[in-house]
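So the chains spell out like this:
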Amino acid sequence: MVQPIDSAKSTLEQHDGGSLVVVGTGIQWAGQTTLAARRAIEAADRVLFAVADAGTAGWLRSLRADAVSLRYGASDGPPRREIYRRMVDDILVELRRDVRVCAVFYGHPGVFSTPAHEAVRRARCEGFSARMLAGVSFLDCLFADLGLDPGHEGCLAYEATDFLLRRRPFDVHTPLVLSQIALIGNPHVFEARATGRIRRGLAVLGEVLCARYPSSHEAIVYDASTHPIAPPRIVRQRLCDLADAPVNDVSTLYVPPAEAAPIDRAMWERVAGDGGGRSAGVVA
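Calculation criteria
Residues numbered from 1 in each chain as written. Predicted model: local features only at pLDDT ≥ 70, side-chain atom pairs only at ≥ 80, totals over all residues. Heavy atoms only, no water. Helix = DSSP H or I, 4+ residues; strand = E, 2+ residues; numbered from the N terminus. Buried < 20%, exposed > 50% of the residue type's maximum accessible area, 1.4 Å probe, protein only. Contact = heavy atoms within 4.5 Å. Areas by Shrake-Rupley, 256 points an atom, 1.4 Å probe, with all protein chains shown as cover. Arc of directions from axis to C-beta. Pairing = 2+ DSSP bridges. Axes fitted to C-alpha atoms, helices over the stretch in contact; angles between N-to-C directions.

A. View of the overall build of the protein. A count of helices and strands for the protein gives nine helices and ten strands. Burial statistics for the protein: of 284 residues in total, 42% are counted as buried. Nonlocal contacts in the protein, meaning residues at least 24 apart in sequence, comprise 65% of its contacts between residues at least 6 apart. Accessible surface, the protein: about 14,900 Å² in total, of which carbon and sulfur atoms supply 52%.

Rendered as structure tokens:
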């Protein structure tokens, strides 16, 4: 688990030259890349990136022809934690040259991006200036594409494997978002040939959800669009058939509430008093 970063602490003296800025491209590169992120890319002495597709890499190199891809490793190679360690090491090697480094990641650099957080943490521990700029994540796209407003009914969001292994709390009255559903129990990156493992993970997830929701309850398998002219992929799937859901490495499961949450009348009386709180939008 990523721990909160105390930017005021470092184990070494502050470096005057080297600095790190971690940015994201958004889900739709260029169109969702913030102006602040683009300026950081253009102003850096060294640009390193880890992005999801060749189109994004090509766009980055159109801004910075000298941009270098971080080391990934083969899909059947070392575990993700080893790949992430290599990425962080590559970033720190450049940073120790006392230059301005910009590390670019897919989507929001702080959402499902362990190496981005770790690079900032280690840079600060070594006395370098380091910061992360906000970006557009898959969750932002999901809110827009599915018309979900977390201000109305709230929202629970978990990584799918963590949701299962740690038995995270949830209820049928609150929208539930489970990410990386094709990677349940998989220590490596997505492998298209690992069909049996993917189906087994989805089957287990379906069983857990059906214990609380009606088996016929309909969820949505969602893939955010990576291109402005392409629509998102939205597939409705009954929870009882979740093992057969069409998924890929970026698929997210959205489970809408089965019913509205009941209102605690006693609490309503406490907060509303003589009725002056009725304008707050709570419907009895």
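B. Layout of helix α1 (residues 35–43). Those residues of α1 that sit buried are Ala-37, Ala-40 and Ile-41. Buried residues along α1 cover an arc of 100 degrees about the axis, so they all sit on one side. The exposed set on the far side of α1, more than 90 degrees from its buried face, consists of Leu-35 and Arg-39. Buried residues belonging to α1 abut β1 (19–24), β2 (46–50), α2 (54–63) and β4 (100–105).

C. Structural view of the sheet that holds strand β9 (residues 233–238). Across the sheet, which stays open at both edges, the five strands sit in the order β6-β7-β10-β8-β9 with mixed pairing between neighbours. The strands lining the two open edges of the sheet, one partner per strand, are β6 (156–159) and β9. Averaged over all neighbouring strand pairs, the angle between strand axes comes to 20 degrees, with direction disregarded.

D. Highlighting the sheet that holds strand β5 (residues 129–132). Taken in spatial order, the five strands make up an open sheet running β3-β2-β4-β1-β5, and their pairing is parallel. At either margin of the open sheet sits one strand with a lone partner, and together these are β3 (68–69) and β5. Examined bridge by bridge, β2 and β4 share five bridges and lie parallel to one another. Residue pairing in the sheet places Phe-49 in a bridge with Val-104 of β4. Its contacts with the sheet put α1 on β1, β2 and β4, and the angle it makes with β1 is roughly 135 degrees. On top of the sheet, helix α3 (residues 80–95) reaches β1, β2 and β4; it is set at about 160 degrees to β4, its chief contact.

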